[in-house]
Amino acid sequence: RKEVEQDPGPFNVPEGATVAFNCTYSNSASQSFFWYRQDCRKEPKLLMSVYSSGNEDGRFTAQLNRASQYISLLIRDSKLSDSATYLCVVAAVNTGNQFYFGTGTSLTVIP
Amino acid sequence: DAEITQSPRHKITETGRQVTLACHQTWNHNNMFWYRQDLGHGLRLIHYSYGVQDTNKGEVSDGYSVSRSNTEDLPLTLESAASSQTSVYFCASSESRAGGQETQYFGPGTRLLVL
């Protein structure tokens, strides 16, 4: 079983739409969670960390559900510039704090 | 501005050749990592280092080696390149933090083709 699983998509949404991605993780001891964004043929860049209480950064909201072992990313009022692949990342002390990446969810925002 | 760079950005080599990919960061981060990214897989950890003279194997370390002689550099060597090592390679670095994992910052990547 993979450490981190994501729906690869693609998600094709119109500008202004709200879109949500989920990501599940297998290691119940995981304690660090992130969403990274990766543009085509570029390096991953941190979008936001995910905290236990949930957190919001402008149009982006991240949630953590420890009981069900998933994290989510909500994007409101989608912009064309949001088109990218979104990577879910999980780390746990019992695996040496190594980052485990999902395969990514592809988002295209359509004019 | 502090940054992390990789060279070369593109490389074509032949099976059996030794190849070294360079990674240099100017953030003075203790932690450095090498990943490979292939279609259908997330980024997978090859090797990592938590400081000078420290190196550790990751999930997919066979056929690769690293050395850490200073804080800024973590070169990745493919001992004898194989076609299965055709991939995009990313270097990353992070600060040390007790009890958790700091954000990792990635270099621009090296695209390697092994013929």
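Here, every reference points to the structure presented above.
Not measured: the values here are computed from a predicted model. (Residues numbered from 1 in each chain as written. Chains lettered and ligands numbered in written order. Predicted model: local features only at pLDDT ≥ 70, side-chain atom pairs only at ≥ 80, totals over all residues. Heavy atoms only, no water.)

**Focus: the overall build of chain B**
Regarding its fold elements, chain B presents 0 helices and 11 strands. Sequence-ordered secondary structure for chain B, helices as α and strands as β, is β-β-β-β-β-β-β-β-β-β-β. On C-alpha atoms alone, chain B measures out to a radius of gyration of 13 Å, which is about the 13 Å that the 2.2 N^0.38 rule sets for 115 residues. Overall, chain B is about 40 × 25 × 25 Å in size when its C-alpha atoms are taken along their principal axes. When each of the 115 residues of chain B is scored for burial, the buried share is 49%. Contacts in chain B between residues at least 24 apart in sequence constitute 53% of all its contacts with a sequence separation of at least 6. Counting only carbon and sulfur atoms, one obtains 45% of the accessible surface of chain B, whose full area is about 5400 Å². Here chain B contributes 9 positive and 12 negative side-chain charges, whose respective centroids are spaced 7 Å apart. (Helix = DSSP H or I, 4+ residues; strand = E, 2+ residues; numbered from the N terminus. Rg over C-alpha atoms; globule rule 2.2 N^0.38 Å. Buried < 20%, exposed > 50% of the residue type's maximum accessible area, 1.4 Å probe, protein only. Contact = heavy atoms within 4.5 Å. Areas by Shrake-Rupley, 256 points an atom, 1.4 Å probe, with all protein chains shown as cover. Lys, Arg positive; Asp, Glu negative; His and termini not counted. Charge placed at Lys NZ, Arg CZ, Asp CG, Glu CD.)

**A word on the state of the cysteines**
By the definition in use, this model includes 2 disulfides over all chains. Between the sulfur atoms of A:C23 and its disulfide partner A:C88 the distance amounts to 1.9 Å. As the torsion about the S-S bond is roughly -70°, the A:C23-A:C88 disulfide counts as left-handed. Of the two residues, A:C23 sits in strand β3 (residues 19–25) while A:C88 sits in strand β9 (residues 84–92), which places them 65 residues apart along the sequence. The residue that forms a disulfide with B:C23 is B:C91, at a sulfur-sulfur distance of 1.8 Å. The S-S bond linking B:C23 to B:C91 shows a torsion near -70°; that makes this disulfide left-handed. (Disulfide = S-S within 2.5 Å.)

Honestly, it's all geometry; don't read function into it.
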